Amino acid sequence: MHTIQDVSLIPLEYRMPPARAYGMARGLTARRALSIVRVTTDDGVVGSGEVFGPPAVARAYLDLVREAFLGRDIWSFEHVAGDIYDRSYHLGVQNQLTACLGGIDVALHDAIGRTVGVSVSQLLGGRRLSRVPVYASTGFFSNDPDGQLEAQLARVAGGGFPGVKIKIGRSPASDVERAEIARKIMGEDILLMLDVNGNYTVDVALESMRRTAGLGVHWYEEPLPPRDTAGYRRLRARAPVSLATGEAAYTVADFKRLVDAEGVDVVQPSIPTCGGLGQARQVAALARQNNLRVSPHVWGGALGLAAAVH
């Protein structure tokens with residue numbers, strides 16, 4: 001009883017007119033895409049999870065791993081995933097294999113919770129909070145003449161958010177200008193976070209951080225590419241504000257390299273990317289052991305957000 005009978009995938013994609021393309025310093029997009037994974041048990045219970053990235057790639061990885069889960073009990077994810085990682089070591093883990101497995105992990109947590117009648121937060125160790133503080137993620141770069149920074153911020157100003165995060169990363173001068181606009185519109189009391197999306201080198205990031213630090217930056221996010229662990233070590237040693245990163249890190253092993261390098265203040269596992277709730281829990285334990293803050297990263301759909309809240 002309580003075995004996995006099927007694992008399926010539902011691709012989701014949203015396209016908008018090119019004139020409304022939006023995004024980050026690395027580029028703009030006029031489409032959003034993700035996949036929903038559904039696990040069905042022999043009891044007829046259906047659990048749902050979310051996979052980050054292009055659905056066609058997610059489906060290809062699901063085709064590779066699906067058979068390994070069929071007939072296994074719903075509590076066996078870590079054993080099955082461990083075997084898959086071991087057999088697939090030539091392929092690495094910094095890819096949608098990990099994201100696909102993460103979606104299955106979340107779906108199985110959902111199915112287990114429905115089977116035994118408890119919430120996912122209880123499965124993870126019990127609910128600690130009844131309210132979760134959130135910030136407004138906005139201030140994207142955009143081609144839309146009616147959707148520039150000021151208009152985006154105006155839509156969330158006065159909305160009760162304790163913090164706001166905006167995109168920067170085109171140049172230190174541009175960063176200062178955008179951060180000043182955010183401060184002017186949102187006010188002095190709101191937490192301000194700046195997100196580079198890995199578009200800088202250490203020297204440019206340090207210049208940007210120094211020039212924006214006086215605006216009361218709560219954290220400066222993903223200044224460097226995720227592969228630049230040594231750069232994060234050098235940057236954090238000189239940074240005037242807190243460094244946050246981790247949305248593009250896969251499994252606890254990536255986070256351990258970053259933490260061991262003393263390259264981060266706020267650890268940001270993205271559950272639909274990093275390998276699921278099990279991996280995110282290990283990342284949180286690693287952060288606790290090293291007295292670091294954790295803020296789950298969310299960029300995708302409602303299921304990824306729900307998993308992060310739990």
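A brief report on the enclosed structure follows. This one's a predicted model, so the numbers in the text were calculated from it and none came from an experiment.

Strand order in the open sheet formed by 7 strands is β6-β8-β9-β10-β11-β12-β13, with parallel pairing between adjacent strands. Every other strand in the sheet has two partners, leaving β6 (135–137) and β13 (293–294) as the edge strands with one partner each.

Next up on the list: helix α6 (residues 172–186). Taking 1.5 Å of rise per residue, 15 residues should cover 21 Å, and α6 covers 21 Å from first to last C-alpha, within 8% of that figure. Buried within α6 are the following residues: P172, S174, D175, V176, R178, A179, I181, A182, R183 and M186. Buried residues along α6 sit against β7 (141–142), α5 (149–156), β8 (163–167), β9 (191–195), α7 (202–212) and β10 (217–221). Note on α6: the residue one or two positions beyond its end, G187, has a positive phi of about 100°.

Our focus in this paragraph is the pairing of strand β5 (residues 46–52). Regular strands have side chains that alternate between both faces of the sheet. Here β5 lies mainly inside the structure; 5 of its 7 residues are buried. Of the pairings in the sheet, the one linking strand β4 (residues 31–41) to β5 comprises 7 bridges and is antiparallel in character. Residue R38 lies in a different strand from β5, and its bridge partner there is S48. In textbook terms, the turn of a hairpin is the stretch between consecutive antiparallel strands, and for β4 and β5 this stretch comprises 4 residues, one of which, G44, has a positive phi near 85°.

On to the pattern of salt bridges, then. A complete count under the given rule lists 11 salt bridges for this structure. When the shortest N-O distance is used, the salt bridge between E221 and K165 registers 2.9 Å. Placement of the pair is E221 in strand β10 and K165 in strand β8, with a sequence separation of 56 residues. We classify E221 as buried; its relative accessible area is 0%.

Judged by side-chain charge, R210, R233, R234 and R238 come together as a positively charged surface patch. Sort the elements by how many residues they give to the positive patch and helix α8 (residues 229–238) lands first, with 3 residues. Here R233 lies in helix α8. A residue is classified by how much of its surface remains accessible, and R233, at 43% relative accessible area, is partly exposed.

A full pass over the atoms with the stated rule returns 4 aromatic pairs. Taking 5.9 Å as the distance between ring centres and 15° as the angle between the ring planes, the aromatic pair formed by F69 and F77 counts as stacked. For F69, a relative accessible area of 0% gives the class buried. With a centroid separation of 5.8 Å and an interplanar angle of 85°, the aromatic rings of Y135 and W219 are classed as edge-to-face. Linking Y135 in strand β6 with W219 in strand β10, this pair joins segments that are 84 residues apart in sequence. Three or more aromatic residues joined by ring pairs make a cluster, and in this case those are Y22, F140 and W299.

Even without a glycine there, the phi angle at E262 is positive, about 55°. Among the structural elements, E262 can be located in the loop between α9 (251–260) and β12 (266–267). For E262, a relative accessible area of 55% puts it in the exposed group. Within the chain, N291 stands out as a residue other than glycine whose phi angle is a positive 55°.

Next up on the list: the layout of surface pockets. When its volume is computed, the second largest pocket comes out at roughly 350 Å³. Along the wall of the second largest pocket there are 15 residues; nearest its centre are R20, Y22, F140, Q152 and R155. Among the residues making up the lining of the second largest pocket, the classes are represented as 5 nonpolar, 5 polar and 5 charged.

Rules and cut-offs
Residues numbered from 1 in each chain as written. Predicted model: local features only at pLDDT ≥ 70, side-chain atom pairs only at ≥ 80, totals over all residues. Heavy atoms only, no water. Pairing = 2+ DSSP bridges. Helix = DSSP H or I, 4+ residues; strand = E, 2+ residues; numbered from the N terminus. Expected span 1.5 Å × (residues − 1). Buried < 20%, exposed > 50% of the residue type's maximum accessible area, 1.4 Å probe, protein only. Contact = heavy atoms within 4.5 Å. Salt bridge = Lys/Arg side-chain N within 4 Å of Asp/Glu carboxyl O. Patch = residues over 30% accessible without salt bridge, like charges linked within 9 Å, V, L, I, M, F, W, Y side chains within 5 Å. Areas by Shrake-Rupley, 256 points an atom, 1.4 Å probe, with all protein chains shown as cover. Lys, Arg positive; Asp, Glu negative; His and termini not counted. Charge placed at Lys NZ, Arg CZ, Asp CG, Glu CD. Phe/Tyr/Trp six-rings, centres within 6.5 Å; stacked < 30°, edge-to-face > 60°. 1 Å grid on protein atoms, 1.4 Å probe; cavity = no way out; pocket = protein on both sides within 12 Å on 5 of 7 lines; lining within 4 Å. Points joined across faces, edges and corners; volume = space filled by probe spheres on them. Nonpolar A, V, L, I, M, F, W, Y, C, P; charged D, E, K, R; others polar.

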